[in-house]
Every structure is written in C-alpha cells, then in structure tokens.
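Inside the fold
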2 protein chains.
Amino acid sequence: MNVLAGFEPKLPEGYRDAEYVFLGNIDPVMQLEVLRQLRSMKLVVCDTMDHWIRESEEDLKKVLQRIEILVINDSEARLLSGFDNIVKAARAILKMGPKMVLIKRGEYGVLQFSDSSVFATPAYPLEEVFDPTGAGDSFAGGFMGHLARSGDQSQGGLRRAIVYGSVVASFTVEDFGVKRLTDVSLAEIEERYQKFINLTDFHS
Amino acid sequence: MNVLAGFEPKLPEGYRDAEYVFLGNIDPVMQLEVLRQLRSMKLVVCDTMDHWIRESEEDLKKVLQRIEILVINDSEARLLSGFDNIVKAARAILKMGPKMVLIKRGEYGVLQFSDSSVFATPAYPLEEVFDPTGAGDSFAGGFMGHLARSGDQSQGGLRRAIVYGSVVASFTVEDFGVKRLTDVSLAEIEERYQKFINLTDFHS
C-alpha cells in the first residue's frame, strides 16, 4: 500500500528557482515531477533506495538521465548495477546517466566515482555512536550545503563537499534523530573538518 | 591438537640482530621465545588472531607488554578488548601495552590509533579482487618494509608506511596467494602510492 498514492508534489513558487537541488528518497515519478517544476538548477543530486530499484526501475532510470550526482549506499549500488564489486557497480551506474556516483558505506566512509576521479574518504571515527538514523541524509545535506555556499564544483571542491558531508553526518549520529544538528554550530563543523584533515593526512 | 607442540623457534645467528621485527601470527609463547633471542630491535610489531585471544590470553598479554605496534583486524580488536565500538576497542588495547594499534578492515582500509594520533585510510579500490588471501600479512610486510628502508618513525613516517602497506596488499589480492608479489616492481608500488595520494587528496 502506498500511503502517498495520489499525492502530487507542488513546489511553492519561491522554491522553483532553487539552484542546488537534492531529490530525496521518494518515488522516482515524484522526483521527475519535482524536476519538471524547477527552472534554475546548477546541480541536481538524487538519492534512492532498494524499494524503488526493485519496483520502479524504469522510472528511476529516467531520473538518472536527468541528474548530475547519485547518492546511494553500497548494497543499493550492487542491486542497481548487478555487480558485486563496488568499482564495477559504480562504473555501470555512471553509464546510466549521472556524472558522478557517491557510495555511502556507513562507518567505513564514502567512495566517489566519476569518469575522471576516484576519491575515497573514511568516516570520522567516534567513540559514541548514539543513533545512526539520518546519517546518510545529513551527509547529503552537508555535501549540498557546502557546494551551495562555495559554488565550487571543481574536482577539489566536490571532494571537500564530500568531507563536509561526512563531518555533518558524524554529528548526526552523536544523538537521537536530528537533535545534535539542531544545536551544532558552524564553528564546530569547521573544527571537525580540520580534525578530518589531520585524520587523513599522511604528507606532513 | 597443536601440530607445532614441542616446536621451539631457534633464530639463525644472522637474524638475531634484526632491527625491524614482525612477530607473525603464531602461539604467543613462541612469539616471546623469538623476542628473547633478539638483541637489536628498533621496532617490534605483532600480529595475532581470535584463537590466541581465546586460548592464550595470558601469554598474549605478556607479548603486548613487549611490543610497539599490534596489527589486528576489527573483529579481533573487539574480541580482545570486549568493546564493540572500534575507537573504544583501540583505546583499551593501547592500555595493554602497545604504543600503537593498527586495525585492518579489509576492503574498507585501516585505522591507526596511538595516544597522539588517529589516522584513517581507505583501501585501494580494485575492479578485480582475485583472492584476498594474504592481504593482511602483506599489508604488514609493506608497512615494515617501508619503515625499515626509511628509518622514519615520525607520525608522518608511520602513516606513510601504513599507506605503503595498503598499496602492497592491493597488489596481493590481484592474483592467487603471493603470485602477484613475486613479479611486482618497486616502480609499480611507487606508482600506486602516487595514485593513493590522488585517491585520498581533497586539498588541491
């Protein structure tokens, strides 16, 4: 039973000029309808899940033709592509349309693939993981937020956005739901971004 | 049944001055006996496994008092420490003696913990993983080999050794057993090390 049956997304006028668009994990038919109402996109990123891959593959593939970046977890990447090897899975998904695929691996971090770049980053190791709910969505939020504020879609800019997404997700899991995000400051985010640099640096 | 019962390791005279010592995954009693025969160690690194953690915990803890670095996989770290959270597990193991613990996470990379450093590095993503046998041991070999050639035990030097270990392991899994390692060249290793820099860089 689809409780959203009959629902039609209708964007408020002020939203139709959004430049950085994240299509959350809903029915691909609705994602397409949201896209239809937008007119100023600089970047469209999309999330999906096993249910839509299995039940709405045809519509999902139409969405994939219309977006720049797909954000997906590793098991969904395998399901969507039919490949168990994650590199092969990513390459196959790139052929479906997106210019880039971001593969979320939970506590193990994120892999980014495009035709010209492979980037791997660990997750921030935490001594207390209270509740992983929302980690993936807040990763996407931090990623989009950094791109929107920096306007930098260079290879380095996209990689830094991935790290900011990982930083935001690391705060999310420190408390229930989105509670930690309601009080985290930009200064704390920047501080953890610096720690992330130290976490991964092997040059100095 | 212990097929090695009664076996006593006896190091050839020329080996007793080894400076960089890796105690492979054998009975902790034998690891202690090997240590007793050495006289010029600059660095002692040790591997172990679930069997010794369960069956020879007391002897293993004597070994941990005598070494600088423990190399272990994530499930073994949890078993040895009693903590499910990997950061807590690492902190608990550091209290048992080693100055540093390296936690191997297979295709997800390596975490390093010491009192002054936390370092995380992904594994090199491969399109073909032929046989993961020996990946952990060749990680340790590449790690030790780089330290022995560089003599650099600074924080950065240890981190670079971890990346070299990951590079060597990435070659190991490309063919059966150690076959790929018998023909890999130093130039290929250095080339993949450079690719590893590009894989993880988000500064440029």
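Structure: see above.
Let us look at the structure shown here.

What counts and how
- Residues numbered from 1 in each chain as written.
- Chains lettered and ligands numbered in written order.
- Predicted model: local features only at pLDDT ≥ 70, side-chain atom pairs only at ≥ 80, totals over all residues.
- Heavy atoms only, no water.
- Helix = DSSP H or I, 4+ residues; strand = E, 2+ residues; numbered from the N terminus.
- Rg over C-alpha atoms; globule rule 2.2 N^0.38 Å.
- Contact = heavy atoms within 4.5 Å.
- Areas by Shrake-Rupley, 256 points an atom, 1.4 Å probe, with all protein chains shown as cover.
- Lys, Arg positive; Asp, Glu negative; His and termini not counted.
- Charge placed at Lys NZ, Arg CZ, Asp CG, Glu CD.
- Salt bridge = Lys/Arg side-chain N within 4 Å of Asp/Glu carboxyl O.
- Buried < 20%, exposed > 50% of the residue type's maximum accessible area, 1.4 Å probe, protein only.
- Pairing = 2+ DSSP bridges.
- Axes fitted to C-alpha atoms, helices over the stretch in contact; angles between N-to-C directions.
- Phe/Tyr/Trp six-rings, centres within 6.5 Å; stacked < 30°, edge-to-face > 60°.
- Least-squares fit on C-alpha atoms with pLDDT ≥ 70 in both.
- Polar contact = N/O pair within 3.5 Å; in protein donor to acceptor, adjacent residues only side chain to side chain.
- Expected span 1.5 Å × (residues − 1).
- Core = buried A, V, L, I, M, F, W, Y, C linked by side-chain atoms within 4.5 Å.

Looking now at the overall build of chain A. Summing up its helical and strand segments, chain A has nine helices and six strands in all. Against the 2.2 N^0.38 benchmark of 17 Å for 204 residues, chain A shows a C-alpha radius of gyration of 17 Å, consistent with a compact globule. Overall, chain A is about 50 × 40 × 35 Å in size when its C-alpha atoms are taken along their principal axes. In chain A, the share of contacts with a sequence separation of at least 24, taken over all contacts with a separation of at least 6, comes to 56%. Accessible surface computed for chain A: about 9700 Å², of which carbon and sulfur atoms make up 53%. For chain A, the distance from the average site of its 23 positive side-chain charges to the average site of its 30 negative ones is 6 Å.

On to the pattern of salt bridges, then. Applying the stated criterion across every chain yields a total of 31 salt bridges over all chains. Its salt-bridge partner being A:Glu174, residue A:Arg180 comes within 3.0 Å of it at the nearest N-O pair. Since its relative accessible area comes to 23%, A:Glu174 is described here as partly exposed. One salt bridge in this structure joins B:Asp183 and B:Arg180, with 2.9 Å as the shortest N-O distance. Of the two residues, B:Asp183 and B:Arg180 both sit in helix 8 (residues 179–183), three residues apart, roughly one turn of that helix. When salt bridges with common partners are traced through the structure, they connect A:Glu174, A:Arg180, A:Asp183, A:Glu188 and A:Arg192 into a single cluster.

With that out of the way, let us pick up the sheet that holds strand 4 (residues 100–104) of chain A. Residue and element names in this part refer to chain A. On the basis of which strands lie adjacent, the open sheet formed by six strands has the order 1-2-3-4-5-6 and mixed pairing. Looking at the sheet topology across the chains shown, the edges are occupied by strand 1 (20–23) and strand 6 (118–121). Put simply, the sheet's adjacent strands are angled 15 degrees from each other on average, direction ignored. Most of the contacts of helix 6 (residues 135–150) go to strand 1, to which it runs at about 170 degrees, and overall it touches strand 1, strand 2 (43–47), strand 3 (69–73), strand 4 and strand 5 (110–114). Together, strand 3, strand 4, strand 5 and strand 6 form the strand contacts of helix 7 (residues 155–172), whose direction differs from that of strand 6 by roughly 25 degrees.

Another aspect to go through is the sheet that holds strand 5 (residues 110–114) of chain B. All names here are of chain B. One open sheet holds the six strands; their spatial order is 1-2-3-4-5-6, and the pairing between them is mixed. Every interior strand has two partners, whereas the edge strands, strand 1 (20–23) and strand 6 (118–121), have only one. The average angle at which neighbouring strand axes cross in this sheet is 15 degrees, direction not considered. Here five bridges tie strand 4 (residues 100–104) to strand 5, and the two strands are oriented antiparallel to one another. Bridge pairing links Lys104 to Val110 in strand 5.

Here the focus is the packing of aromatic side chains. Applying the stated criterion across every chain yields a total of 13 aromatic pairs over all chains. Taking the centre distance of 6.3 Å and the plane angle of 70 degrees together, the rings of A:Phe119 and B:Phe202 count as edge-to-face. Here B:Phe202 lies in the segment after helix 9 (186–200) and A:Phe119 lies in strand 6, a pairing that spans two chains. Here B:Phe202 falls in the buried class, since its relative accessible area comes to 1%. Judged by centre distance (4.1 Å) and plane angle (10 degrees), the ring pair of B:Tyr164 and B:Tyr193 falls under stacked.

Residues and elements named next belong to chain B. Burial runs high along strand 5: five of the five residues are buried. Burial along strand 5 is two-sided: Val110, Gln112 and Ser114 facing one way and Leu111 and Phe113 facing the other are all buried. The hairpin turn running from strand 4 into strand 5, its antiparallel successor, is five residues long, and Gly106 in that turn takes a positive phi close to 55 degrees. Looking at chain direction, strand 5 and strand 6 are connected through four bridges and run antiparallel. Directly across from Phe113, in strand 6, lies its bridge partner Val118.

A separate point is the relation of the copies chain B and chain A. Aligned on chain A, chain B shows an RMSD of 0.0 Å; the corresponding rotation is 180 degrees and the shift along the axis is 0.0 Å. These values place the two chain copies in the arrangement generated by a two-fold rotation axis. When the interface residues of chain B are mapped onto chain A, 100% of them again lie at the interface, so the same face is used by both copies.

Residue and element names in this part refer to chain B. Mapped onto the secondary structure, Arg16 falls in the segment before strand 1. Here the side chain of Arg16 touches Leu11 through a polar contact of 3.1 Å, landing on its backbone oxygen. Ignoring any residue separated from it by four or fewer positions in sequence, one finds Arg16 in contact with Lys10, Leu11, Gln37, Leu38, Arg39 and Ser40.

On to helix 9 of chain B, then. Here helix 9 of chain B is 15 residues long and its end C-alpha atoms lie 21 Å apart, about the 21 Å a rise of 1.5 Å per residue gives. Of the surrounding elements, those touching the buried residues of helix 9 of chain B are strand 6 and helix 7 of chain A together with strand 6 and helix 7 (155–172) of chain B.

Counting 62 residues, the largest nonpolar core has A:Leu23, A:Leu70, A:Leu80, A:Val101, A:Ile103, B:Ile69 and B:Phe143 as the members making the most contacts within it. A per-element tally of this core places helix 7 of chain B first, with nine residues. In this structure A:Ile103 touches A:Ile72, A:Asn73, A:Asp74, A:Ala77, A:Ile86, A:Ala90, A:Gly109, A:Val110, A:Leu111 and A:Phe113, once residues within four positions along its chain are discounted. Membership of the second largest hydrophobic core comes to 61 residues, among which are A:Met100, A:Phe143, A:Tyr164 and B:Val63.

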